[in-house]
Amino acid sequence: TGSTQPQRMLEAVQKNATKGDPESVFSAIDYYCRHKEWAMNVGDEKGLILDSVLTEVNPSIALELGTYCGYSTVRIARLLSPGSKLITVEFNPAFAAVARQIIAYAGVQDKVTLVEGPSGDLIPKMKERFGIKSFDFVFLDHWKDRYVPDTKLLEDCGLLRKGTVLLADNVICPGAPEYLKYVRNSPRYESRYFKSNLEYSKVEDGLEKSVFLG
Ligand SMILES: Nc1ncc2ncn(CCCCCNC(=O)c3cc(-c4ccc(F)cc4)cc(O)c3O)c2n1
Ligand SMILES: [Mg+2]
């Protein structure tokens with residue numbers, strides 16, 4: 001079986017990871033993507049930066065834009081304190097279906113709410129649908145040209161508060177130049193670039209961490 005790449009990733013998890021062990025799940029995905037088939041997970045190198053920012057922020061309510069197969073969803077959820085929640089947005093139903101299974105296999109499903117649909121439609125509904133006051137942490141990893149409009153949408157919907165941390169993947173490769181300009185030139189953000197490499201590759205990429213100043 002495993003007709004699509006996400007399904008083959010799921011198979012690799014089911015074959016090589018331990019049920020209920022999040023670390024073994026994303027390690028199995030990293031092994032598969034490094035040695036068998038490249039895939040657009042944030043990966044192990046940038047994943048360590050994600051882990052350290054998460055540990056520092058320790059969010060009670062976090063948002064992820066772009067679930068894909070759930071690799072970063074599992075990485076984030078495993079570090080959340082009891083009672084904390086992660087809402088993750090994915091518009092591709094095939095990706096969402098695989099992500100749900102990978103999230104469940106890792107045993108982090110109680111911390112995660114996966115919502116299907118385009119970020120632009122879902123962000124304005126977050127308050128009413130999930131009773132959220134504001135997000136403590138946002139991981140941007142969806143369409144790179146949606147980073148700016150969705151950041152502005154989060155601001156306009158009152159979903160950011162003084163100190164909210166935005167962490168954006170791929171600001172170098174594939175690149176999000178408009179986003180870098182926006183957060184680096186805005187007086188409302190304190191921004192810092194974490195240099196790294198594109199997942200499973202030697203090409204430069206990095207994460208941009210931006211703190212909303214209110
Ligand atoms: N609006 C909305 N709302 C919700 C949504 N859910 C999903 N999407 C669509 C997201 C589609 C996937 C986004 N991710 C990437 O494109 C990506 C690409 C590369 C990459 C590729 C080829 C190369 F040669 C080099 C690097 C590497 C990465 O780490 C990436 O994250 C949504 N959109
Ligand atoms: Mg990415």
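This text follows the structure it describes.
In what follows, the accompanying structure is described. Model, not experiment: these values are computed from the prediction.

Reading guide: rules and limits
Residues numbered from 1 in each chain as written. Chains lettered and ligands numbered in written order. Predicted model: local features only at pLDDT ≥ 70, side-chain atom pairs only at ≥ 80, totals over all residues. Heavy atoms only, no water. Phe/Tyr/Trp six-rings, centres within 6.5 Å; stacked < 30°, edge-to-face > 60°. Helix = DSSP H or I, 4+ residues; strand = E, 2+ residues; numbered from the N terminus. Buried < 20%, exposed > 50% of the residue type's maximum accessible area, 1.4 Å probe, protein only. Core = buried A, V, L, I, M, F, W, Y, C linked by side-chain atoms within 4.5 Å. Contact = heavy atoms within 4.5 Å. 1 Å grid on protein atoms, 1.4 Å probe; cavity = no way out; pocket = protein on both sides within 12 Å on 5 of 7 lines; lining within 4 Å. Points joined across faces, edges and corners; volume = space filled by probe spheres on them. Nonpolar A, V, L, I, M, F, W, Y, C, P; charged D, E, K, R; others polar. Pairing = 2+ DSSP bridges.

Another aspect to go through is the packing of aromatic side chains. Applying the stated criterion across every chain, the model contains six aromatic pairs. Relative to Trp 143, the ring of Phe 91 lies with its centre 6.2 Å away and its plane at 85°, an arrangement referred to as edge-to-face. With Phe 91 in the loop between β2 (85-90) and α5 (93-106) and Trp 143 in the loop between β4 (135-140) and α8 (147-156), this pair connects stretches of sequence that are 52 residues apart. On the basis of relative accessible area, Phe 91 is assigned to the partly exposed category, the value being 45%. What makes Trp 143 exposed here is its relative accessible area of 55%. Taken together, the aromatic side chains of Tyr 182, Tyr 189 and Phe 212 make up a single cluster linked through ring pairs.

The tendency in soluble globular proteins is for nonpolar side chains to be buried as a group. The biggest cluster of nonpolar side chains holds 43 residues, and the ones touching the most others in it are Ile 29, Ile 102 and Phe 137. Listed by contribution, the elements that provide at least two residues to this core are α1 (5-16), α2 (22-35), α3 (43-57), α4 (71-77), α5, β3 (112-116), β4 and β5 (160-168). In terms of residue count, α5 provides more of this core than any other element does, seven residues in total. In this view, Ile 29 contacts Met 9, Val 13, Asn 41, Tyr 71, Ile 102 and Tyr 200; residues no more than four positions away in its chain are not counted.

Right, let's get into empty space enclosed by the protein. Summed over all chains, the structure comprises one cavity of 30 Å³ or more. Of the volumes computed, that of the largest cavity is approximately 30 Å³. What lines the largest cavity is Met 40, Asn 41, Val 42, Thr 67, Tyr 68, Cys 69, Gly 70, Tyr 71, Ser 72 and Asp 141. Its residues assigned to classes, the lining of the largest cavity shows five nonpolar, four polar and one charged.

We now examine the pairing of strand β7 (residues 204-212). Where burial is concerned, most of β7 is hidden: seven out of the nine residues are buried. Here β5 runs beside β7; their pairing, made up of four bridges, is antiparallel. Bridging from a neighbouring strand, Ala 168 pairs with Glu 208 of β7. In the sheet, strand β6 (residues 189-197) pairs with β7 via nine bridges, with the strands oriented antiparallel. By the bridge assignment, Tyr 193 is partnered in β7 with Glu 208. Linking two consecutive strands that pair antiparallel, namely β6 and β7, is a turn of six residues; a positive phi of about 55° is found at Tyr 200 within it.

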